[in-house]
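Structural description and commentary
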Amino acid sequence: MLDRYALSLRGRSRTVGIIVPDDHKEQTVSDTNRQRIFSGVQPTGNIHLGNYLGAFRNWVSLQDSFDTIYCIVDLHAMTADYDPVALEKSRIETAKVLLALGVDPDRSLLYTQSQVMEHAELAWILGTMAPMGVLNRMTQFKDKTAMGVASNLGLYSYPVLMAADILLYRANLVPVGEDQRQHIEVTRDLAERFNNRFGDLFPIPDGYIPETSARVMSFTDPASKMSKSDAKEKSRILILDDQDVIRKRIRSAVTDSDPEVRYDVDTKPGIANLLEIMSACTGRSVDDLVDEYSGAGYGAFKDAVADAVLEELAPFKPRYKALTNGDVRAVLAEGGGRARELAGPYEAEVRKAVGIKGYR
Ligand code: AMP
Ligand code: TRP
(Lines give C-alpha, C1' and ligand atoms only; values in the text may rest on other atoms or scores of the structure.)
(Ligands and ions follow the chains in the order given, each with its own letter.)
Protein backbone atom coordinates (compact mmCIF):
# COMPACT_ATOMS: atom_id res chain seq x y z
CA MET A 1 0.00 0.00 0.00
CA LEU A 2 2.77 2.42 0.94
CA ASP A 3 4.71 1.59 -2.23
CA ARG A 4 1.76 2.69 -4.30
CA TYR A 5 1.95 6.19 -2.80
CA ALA A 6 5.69 6.34 -3.11
CA LEU A 7 5.55 5.68 -6.82
CA SER A 8 2.80 8.11 -7.56
CA LEU A 9 3.97 10.92 -5.33
CA ARG A 10 7.55 11.50 -6.44
CA GLY A 11 8.48 14.46 -8.61
CA ARG A 12 6.89 17.86 -9.35
CA SER A 13 8.02 19.39 -6.08
CA ARG A 14 10.05 22.58 -5.99
CA THR A 15 11.88 23.90 -2.97
CA VAL A 16 11.39 27.61 -2.59
CA GLY A 17 13.54 30.12 -0.71
CA ILE A 18 14.51 30.22 2.86
CA ILE A 19 14.23 33.14 5.20
CA VAL A 20 15.77 32.81 8.62
CA PRO A 21 15.41 35.15 11.58
CA ASP A 22 17.44 38.37 11.18
CA ASP A 23 20.13 37.42 13.63
CA HIS A 24 20.86 34.17 11.87
CA LYS A 25 23.07 33.46 8.93
CA GLU A 26 21.48 32.41 5.64
CA GLN A 27 21.41 28.70 5.04
CA THR A 28 20.57 26.79 1.91
CA VAL A 29 19.45 23.25 1.43
CA SER A 30 22.83 22.21 0.05
CA ASP A 31 24.87 23.23 3.11
CA THR A 32 22.72 21.30 5.52
CA ASN A 33 23.78 17.82 6.45
CA ARG A 34 20.64 15.72 6.73
CA GLN A 35 19.10 18.05 9.24
CA ARG A 36 15.74 17.39 10.80
CA ILE A 37 12.55 19.10 9.72
CA PHE A 38 9.44 19.30 11.88
CA SER A 39 6.15 20.98 11.08
CA GLY A 40 2.51 20.78 12.10
CA VAL A 41 -0.97 21.54 10.89
CA GLN A 42 -4.22 21.84 12.78
CA PRO A 43 -6.86 19.27 11.78
CA THR A 44 -9.49 21.89 11.11
CA GLY A 45 -10.43 21.00 7.51
CA ASN A 46 -10.59 23.46 4.60
CA ILE A 47 -6.96 23.12 3.49
CA HIS A 48 -6.49 26.01 1.09
CA LEU A 49 -4.10 27.46 -1.46
CA GLY A 50 -2.38 29.55 1.26
CA ASN A 51 -1.58 26.45 3.33
CA TYR A 52 -0.21 24.76 0.24
CA LEU A 53 1.93 27.59 -1.15
CA GLY A 54 2.98 28.84 2.30
CA ALA A 55 3.86 25.52 3.87
CA PHE A 56 2.85 22.14 2.45
CA ARG A 57 4.61 22.52 -0.85
CA ASN A 58 7.83 22.86 1.11
CA TRP A 59 6.91 19.93 3.34
CA VAL A 60 6.85 17.79 0.20
CA SER A 61 10.00 19.10 -1.48
CA LEU A 62 12.08 18.99 1.72
CA GLN A 63 11.55 15.24 1.94
CA ASP A 64 14.26 14.81 -0.69
CA SER A 65 17.10 16.18 1.41
CA PHE A 66 15.99 16.10 5.04
CA ASP A 67 14.78 13.87 7.78
CA THR A 68 11.14 15.01 7.85
CA ILE A 69 8.52 14.72 10.59
CA TYR A 70 4.99 16.05 10.04
CA CYS A 71 2.37 16.18 12.74
CA ILE A 72 -1.38 16.76 12.74
CA VAL A 73 -1.69 18.85 15.87
CA ASP A 74 -5.00 17.73 17.33
CA LEU A 75 -4.09 18.86 20.87
CA HIS A 76 -3.73 22.40 19.50
CA ALA A 77 -7.12 22.09 17.78
CA MET A 78 -8.73 21.50 21.18
CA THR A 79 -7.92 25.08 22.22
CA ALA A 80 -10.96 26.37 20.29
CA ASP A 81 -14.51 25.07 20.64
CA TYR A 82 -14.78 21.75 18.77
CA ASP A 83 -16.92 18.68 18.24
CA PRO A 84 -15.14 15.42 19.25
CA VAL A 85 -16.67 13.40 16.40
CA ALA A 86 -15.76 16.08 13.86
CA LEU A 87 -12.20 16.23 15.26
CA GLU A 88 -11.67 12.53 14.59
CA LYS A 89 -12.96 12.93 11.02
CA SER A 90 -10.82 16.00 10.48
CA ARG A 91 -7.65 14.22 11.54
CA ILE A 92 -8.18 11.57 8.87
CA GLU A 93 -9.23 14.15 6.30
CA THR A 94 -6.18 16.34 6.94
CA ALA A 95 -3.83 13.36 6.71
CA LYS A 96 -5.52 12.28 3.46
CA VAL A 97 -5.01 15.71 1.90
CA LEU A 98 -1.36 15.75 2.99
CA LEU A 99 -0.79 12.33 1.43
CA ALA A 100 -2.48 13.51 -1.77
CA LEU A 101 -0.23 16.59 -1.84
CA GLY A 102 2.81 14.35 -1.77
CA VAL A 103 3.78 13.74 1.86
CA ASP A 104 5.29 10.31 1.43
CA PRO A 105 5.07 7.93 4.41
CA ASP A 106 8.09 6.03 3.14
CA ARG A 107 10.24 9.11 3.55
CA SER A 108 8.44 11.15 6.22
CA LEU A 109 6.95 10.44 9.58
CA LEU A 110 3.27 11.44 9.53
CA TYR A 111 1.24 11.10 12.74
CA THR A 112 -1.07 12.93 15.11
CA GLN A 113 0.10 14.83 18.19
CA SER A 114 -2.24 12.98 20.57
CA GLN A 115 -0.53 9.70 19.71
CA VAL A 116 2.62 10.87 21.51
CA MET A 117 1.97 12.20 25.00
CA GLU A 118 5.60 13.37 25.35
CA HIS A 119 4.46 16.53 23.50
CA ALA A 120 2.22 17.45 26.42
CA GLU A 121 4.82 16.58 29.04
CA LEU A 122 7.51 18.68 27.41
CA ALA A 123 5.02 21.53 26.99
CA TRP A 124 4.51 21.49 30.75
CA ILE A 125 8.25 21.61 31.40
CA LEU A 126 8.79 24.45 28.89
CA GLY A 127 5.74 26.22 30.31
CA THR A 128 7.53 26.54 33.63
CA MET A 129 10.17 28.58 31.80
CA ALA A 130 7.90 30.70 29.61
CA PRO A 131 7.58 34.24 30.96
CA MET A 132 4.06 35.69 30.93
CA GLY A 133 5.55 38.80 29.31
CA VAL A 134 6.60 36.76 26.27
CA LEU A 135 3.21 35.03 25.95
CA ASN A 136 1.35 38.33 26.41
CA ARG A 137 2.91 39.57 23.19
CA MET A 138 1.54 36.73 21.01
CA THR A 139 -0.53 38.21 18.21
CA GLN A 140 -2.32 34.95 17.38
CA PHE A 141 -3.87 34.79 20.87
CA LYS A 142 -4.97 38.41 20.58
CA ASP A 143 -6.36 37.91 17.05
CA LYS A 144 -8.24 34.73 17.95
CA THR A 145 -9.81 36.12 21.11
CA ALA A 146 -10.70 39.34 19.24
CA MET A 147 -12.48 37.13 16.66
CA GLY A 148 -14.57 35.61 19.45
CA VAL A 149 -12.64 32.41 20.30
CA ALA A 150 -13.11 31.95 24.07
CA SER A 151 -9.85 32.54 25.88
CA ASN A 152 -8.56 29.57 27.88
CA LEU A 153 -5.24 28.47 29.31
CA GLY A 154 -4.57 26.11 26.39
CA LEU A 155 -5.08 28.87 23.83
CA TYR A 156 -2.82 31.16 25.82
CA SER A 157 -0.04 28.59 26.05
CA TYR A 158 -0.50 27.39 22.45
CA PRO A 159 3.01 28.61 21.45
CA VAL A 160 4.56 26.61 24.32
CA LEU A 161 3.01 23.38 23.03
CA MET A 162 4.22 24.29 19.54
CA ALA A 163 7.74 24.81 20.92
CA ALA A 164 7.51 21.40 22.59
CA ASP A 165 6.47 19.79 19.27
CA ILE A 166 9.56 21.16 17.56
CA LEU A 167 12.10 20.72 20.36
CA LEU A 168 10.95 17.23 21.35
CA TYR A 169 12.46 15.84 18.13
CA ARG A 170 15.45 18.25 18.17
CA ALA A 171 14.33 19.75 14.84
CA ASN A 172 16.58 22.21 12.99
CA LEU A 173 14.18 23.69 10.44
CA VAL A 174 10.46 24.41 10.59
CA PRO A 175 8.66 25.00 7.26
CA VAL A 176 5.70 27.30 7.91
CA GLY A 177 3.94 30.35 6.50
CA GLU A 178 4.72 33.88 7.62
CA ASP A 179 2.00 33.88 10.30
CA GLN A 180 4.04 31.41 12.39
CA ARG A 181 7.21 33.52 12.55
CA GLN A 182 6.46 34.83 16.04
CA HIS A 183 5.88 31.29 17.34
CA ILE A 184 9.23 30.16 15.93
CA GLU A 185 10.88 33.04 17.77
CA VAL A 186 9.29 31.89 21.05
CA THR A 187 10.52 28.36 20.34
CA ARG A 188 14.06 29.64 19.90
CA ASP A 189 13.75 31.68 23.08
CA LEU A 190 12.51 28.70 25.10
CA ALA A 191 15.23 26.43 23.69
CA GLU A 192 17.86 28.97 24.75
CA ARG A 193 16.37 29.35 28.23
CA PHE A 194 16.31 25.56 28.66
CA ASN A 195 19.86 25.09 27.38
CA ASN A 196 21.21 27.87 29.62
CA ARG A 197 19.58 26.43 32.70
CA PHE A 198 19.94 22.67 32.14
CA GLY A 199 22.66 22.16 29.51
CA ASP A 200 22.69 22.13 25.72
CA LEU A 201 19.99 19.67 24.77
CA PHE A 202 18.10 21.50 22.05
CA PRO A 203 19.34 22.78 18.67
CA ILE A 204 18.02 26.32 18.08
CA PRO A 205 15.57 25.84 15.20
CA ASP A 206 15.09 28.15 12.22
CA GLY A 207 11.90 28.93 10.38
CA TYR A 208 11.78 27.95 6.71
CA ILE A 209 9.48 30.46 5.09
CA PRO A 210 8.95 30.86 1.33
CA GLU A 211 10.17 34.05 -0.35
CA THR A 212 6.92 34.53 -2.24
CA SER A 213 3.47 33.39 -1.12
CA ALA A 214 4.44 33.13 2.57
CA ARG A 215 1.23 35.03 3.25
CA VAL A 216 -1.45 34.35 0.64
CA MET A 217 -4.21 36.90 1.05
CA SER A 218 -8.00 36.54 1.00
CA PHE A 219 -9.74 36.97 -2.38
CA THR A 220 -12.55 38.97 -0.78
CA ASP A 221 -10.34 41.16 1.42
CA PRO A 222 -6.72 41.36 0.23
CA ALA A 223 -5.75 43.11 3.48
CA SER A 224 -6.27 39.93 5.50
CA LYS A 225 -4.72 36.50 5.02
CA MET A 226 -6.51 33.59 3.37
CA SER A 227 -7.81 31.55 6.27
CA LYS A 228 -9.55 28.25 6.99
CA SER A 229 -11.91 29.94 9.38
CA ASP A 230 -13.09 32.84 7.18
CA ALA A 231 -16.90 32.64 7.00
CA LYS A 232 -16.79 33.73 3.35
CA GLU A 233 -16.16 30.74 1.09
CA LYS A 234 -15.25 33.08 -1.76
CA SER A 235 -12.23 34.28 0.22
CA ARG A 236 -10.26 31.12 -0.54
CA ILE A 237 -9.56 28.27 -2.93
CA LEU A 238 -9.56 24.84 -1.34
CA ILE A 239 -7.04 22.31 -2.59
CA LEU A 240 -9.85 19.95 -3.59
CA ASP A 241 -12.17 22.55 -5.16
CA ASP A 242 -13.51 21.80 -8.65
CA GLN A 243 -11.79 23.51 -11.56
CA ASP A 244 -14.74 25.77 -12.37
CA VAL A 245 -14.93 26.91 -8.72
CA ILE A 246 -11.21 27.75 -8.74
CA ARG A 247 -11.56 29.80 -11.92
CA LYS A 248 -14.63 31.59 -10.54
CA ARG A 249 -12.88 32.46 -7.26
CA ILE A 250 -9.93 34.00 -9.10
CA ARG A 251 -12.14 35.86 -11.58
CA SER A 252 -14.13 37.40 -8.72
CA ALA A 253 -11.05 38.22 -6.58
CA VAL A 254 -11.24 41.79 -5.26
CA THR A 255 -8.71 44.03 -7.03
CA ASP A 256 -8.83 47.79 -7.77
CA SER A 257 -10.08 50.12 -10.46
CA ASP A 258 -6.73 51.04 -12.05
CA PRO A 259 -6.36 48.56 -14.95
CA GLU A 260 -2.55 48.25 -14.92
CA VAL A 261 -1.04 44.99 -13.64
CA ARG A 262 1.71 46.20 -11.28
CA TYR A 263 3.22 44.89 -8.01
CA ASP A 264 2.34 47.33 -5.23
CA VAL A 265 1.25 45.76 -1.96
CA ASP A 266 0.03 49.05 -0.48
CA THR A 267 -2.08 50.45 -3.30
CA LYS A 268 -2.84 47.27 -5.27
CA PRO A 269 -2.92 44.45 -2.67
CA GLY A 270 -5.34 42.27 -4.68
CA ILE A 271 -3.15 42.32 -7.81
CA ALA A 272 0.02 41.89 -5.73
CA ASN A 273 -1.54 38.77 -4.18
CA LEU A 274 -2.44 37.32 -7.60
CA LEU A 275 1.06 38.08 -8.90
CA GLU A 276 2.62 36.26 -5.96
CA ILE A 277 0.31 33.28 -6.41
CA MET A 278 1.12 33.07 -10.11
CA SER A 279 4.82 33.46 -9.44
CA ALA A 280 4.72 30.63 -6.88
CA CYS A 281 2.79 28.34 -9.22
CA THR A 282 4.89 28.97 -12.33
CA GLY A 283 8.35 29.52 -10.84
CA ARG A 284 8.56 32.82 -12.82
CA SER A 285 9.57 36.04 -11.06
CA VAL A 286 6.99 38.71 -10.25
CA ASP A 287 8.95 41.19 -12.44
CA ASP A 288 8.78 38.84 -15.38
CA LEU A 289 5.02 38.43 -14.95
CA VAL A 290 4.52 42.21 -14.67
CA ASP A 291 6.46 42.65 -17.94
CA GLU A 292 4.16 40.22 -19.69
CA TYR A 293 0.80 41.26 -18.22
CA SER A 294 1.10 44.97 -17.36
CA GLY A 295 -1.05 46.05 -20.29
CA ALA A 296 -3.12 42.89 -20.72
CA GLY A 297 -6.11 44.00 -18.62
CA TYR A 298 -7.32 42.35 -15.44
CA GLY A 299 -9.58 39.81 -17.20
CA ALA A 300 -6.79 38.24 -19.24
CA PHE A 301 -4.38 38.39 -16.27
CA LYS A 302 -6.84 36.64 -13.96
CA ASP A 303 -7.40 33.91 -16.56
CA ALA A 304 -3.65 33.36 -16.72
CA VAL A 305 -3.46 33.17 -12.91
CA ALA A 306 -6.30 30.65 -12.89
CA ASP A 307 -4.53 28.51 -15.53
CA ALA A 308 -1.37 28.49 -13.43
CA VAL A 309 -3.20 27.53 -10.22
CA LEU A 310 -5.22 24.83 -12.00
CA GLU A 311 -2.07 23.31 -13.43
CA GLU A 312 -0.38 23.30 -10.03
CA LEU A 313 -3.34 21.71 -8.22
CA ALA A 314 -4.41 19.28 -10.98
CA PRO A 315 -2.61 16.14 -9.72
CA PHE A 316 -4.01 16.26 -6.19
CA LYS A 317 -7.67 15.39 -6.54
CA PRO A 318 -7.15 12.07 -8.35
CA ARG A 319 -4.61 11.04 -5.73
CA TYR A 320 -6.97 12.06 -2.95
CA LYS A 321 -9.77 10.00 -4.46
CA ALA A 322 -7.52 6.95 -4.73
CA LEU A 323 -6.90 6.91 -0.96
CA THR A 324 -9.25 5.17 1.46
CA ASN A 325 -9.74 6.10 5.11
CA GLY A 326 -8.29 2.67 5.93
CA ASP A 327 -5.06 3.55 4.06
CA VAL A 328 -4.83 6.79 6.02
CA ARG A 329 -5.45 5.13 9.39
CA ALA A 330 -2.72 2.60 8.64
CA VAL A 331 -0.23 5.38 7.84
CA LEU A 332 -1.08 7.23 11.07
CA ALA A 333 -0.91 4.08 13.18
CA GLU A 334 2.55 3.30 11.88
CA GLY A 335 3.70 6.94 12.04
CA GLY A 336 2.46 7.30 15.62
CA GLY A 337 4.33 4.18 16.68
CA ARG A 338 7.56 5.36 15.11
CA ALA A 339 7.14 8.85 16.58
CA ARG A 340 6.68 7.35 20.06
CA GLU A 341 9.84 5.31 19.63
CA LEU A 342 11.75 8.45 18.75
CA ALA A 343 10.18 10.67 21.37
CA GLY A 344 10.64 8.34 24.36
CA PRO A 345 14.45 8.45 24.59
CA TYR A 346 14.53 12.17 23.74
CA GLU A 347 12.09 12.96 26.50
CA ALA A 348 14.02 10.73 28.92
CA GLU A 349 17.02 13.04 28.37
CA VAL A 350 14.85 16.03 29.20
CA ARG A 351 13.51 14.37 32.35
CA LYS A 352 17.00 13.57 33.49
CA ALA A 353 18.22 17.11 32.81
CA VAL A 354 15.40 18.75 34.78
CA GLY A 355 15.62 16.34 37.71
CA ILE A 356 12.52 14.17 37.26
CA LYS A 357 14.17 11.03 35.97
CA GLY A 358 11.89 9.04 38.27
CA TYR A 359 11.02 5.36 38.23
CA ARG A 360 8.57 4.56 35.45
P1 AMP B 1 -2.99 26.28 9.82
O2 AMP B 1 -4.02 26.30 8.76
O3 AMP B 1 -3.06 27.51 10.68
O4 AMP B 1 -2.86 25.02 10.59
O5 AMP B 1 -1.62 26.45 9.03
C6 AMP B 1 -0.91 25.41 8.40
C7 AMP B 1 0.28 26.02 7.71
O8 AMP B 1 -0.15 26.88 6.64
C9 AMP B 1 1.14 26.92 8.62
O10 AMP B 1 2.50 26.70 8.32
C11 AMP B 1 0.74 28.32 8.23
O12 AMP B 1 1.78 29.25 8.45
C13 AMP B 1 0.44 28.17 6.76
N14 AMP B 1 -0.56 29.16 6.31
C15 AMP B 1 -1.82 29.32 6.82
N16 AMP B 1 -2.47 30.32 6.17
C17 AMP B 1 -1.60 30.79 5.23
C18 AMP B 1 -1.68 31.82 4.22
N19 AMP B 1 -2.79 32.55 4.06
N20 AMP B 1 -0.60 32.03 3.45
C21 AMP B 1 0.55 31.30 3.58
N22 AMP B 1 0.67 30.31 4.52
C23 AMP B 1 -0.37 30.05 5.32
N1 TRP C 1 0.72 26.71 15.03
C2 TRP C 1 0.75 26.10 13.73
C3 TRP C 1 -0.39 26.70 12.89
O4 TRP C 1 -1.33 27.22 13.41
C5 TRP C 1 0.59 24.60 13.82
C6 TRP C 1 1.71 23.96 14.58
C7 TRP C 1 1.63 23.36 15.81
C8 TRP C 1 3.07 23.86 14.17
N9 TRP C 1 2.84 22.85 16.18
C10 TRP C 1 3.73 23.15 15.22
C11 TRP C 1 3.76 24.31 13.05
C12 TRP C 1 5.11 22.90 15.15
C13 TRP C 1 5.13 24.04 12.99
C14 TRP C 1 5.80 23.34 14.01
O15 TRP C 1 -0.32 26.62 11.71
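So, a few notes on the structure that sits alongside this text.

Brief notes about the site of ligand 1
Close contacts around ligand 1 come from 18 residues, with Gly177, Asp179, Val216, Met226 and Lys228 the closest. Take Gly177: an N or O atom from its main chain is 2.8 Å from an oxygen atom of ligand 1. Expressed as a share of its isolated accessible area of 480 Å², the protein-covered part of ligand 1 is 92%. Ranked by residue count, the leading element in the shell around ligand 1 is helix 2 (residues 49-62), at four residues.

Considerations on the site of ligand 2
Taken together, 13 residues surround ligand 2, and among them Gly40, Tyr158, Met162, Asp165 and Gln180 come closest. In the environment of ligand 2, a nitrogen atom lies 2.7 Å from a nitrogen or oxygen atom belonging to the side chain of Tyr158. One of the side-chain N or O atoms of Asp165 is found 2.7 Å from a nitrogen atom in ligand 2. For ligand 2, the protein covers 90% of the area, taking 360 Å² as the surface of the free molecule.

Re helix 2
The end-to-end C-alpha separation of helix 2 is 19 Å, in line with the 20 Å expected for 14 residues at 1.5 Å each. Of all 14 residues in helix 2, 14 are buried, a share of seventy percent or more.

Digging into the pattern of salt bridges
Applying the stated criterion to the full structure yields 24 salt bridges. Between Glu349 and Arg170 there is a salt bridge, and its shortest N-O distance comes to 2.9 Å. Within this pair, whereas Glu349 is found in helix 16 (residues 325-354), its partner Arg170 is found in the loop between helix 9 (158-168) and strand 4 (173-175), the two being separated by 179 residues in sequence. Judged by its relative accessible area of 39%, Glu349 is partly exposed. Overall, the relative accessible area of 10% leaves Arg170 in the buried class.

The rules behind each value
- Residues numbered from 1 in each chain as written.
- Chains lettered and ligands numbered in written order.
- Predicted model: local features only at pLDDT ≥ 70, side-chain atom pairs only at ≥ 80, totals over all residues.
- Heavy atoms only, no water.
- Near = heavy atom within 4 Å.
- Polar contact = N/O pair within 3.5 Å; in protein donor to acceptor, adjacent residues only side chain to side chain.
- Areas by Shrake-Rupley, 256 points an atom, 1.4 Å probe, with all protein chains shown as cover.
- Helix = DSSP H or I, 4+ residues; strand = E, 2+ residues; numbered from the N terminus.
- Expected span 1.5 Å × (residues − 1).
- Buried < 20%, exposed > 50% of the residue type's maximum accessible area, 1.4 Å probe, protein only.
- Salt bridge = Lys/Arg side-chain N within 4 Å of Asp/Glu carboxyl O.

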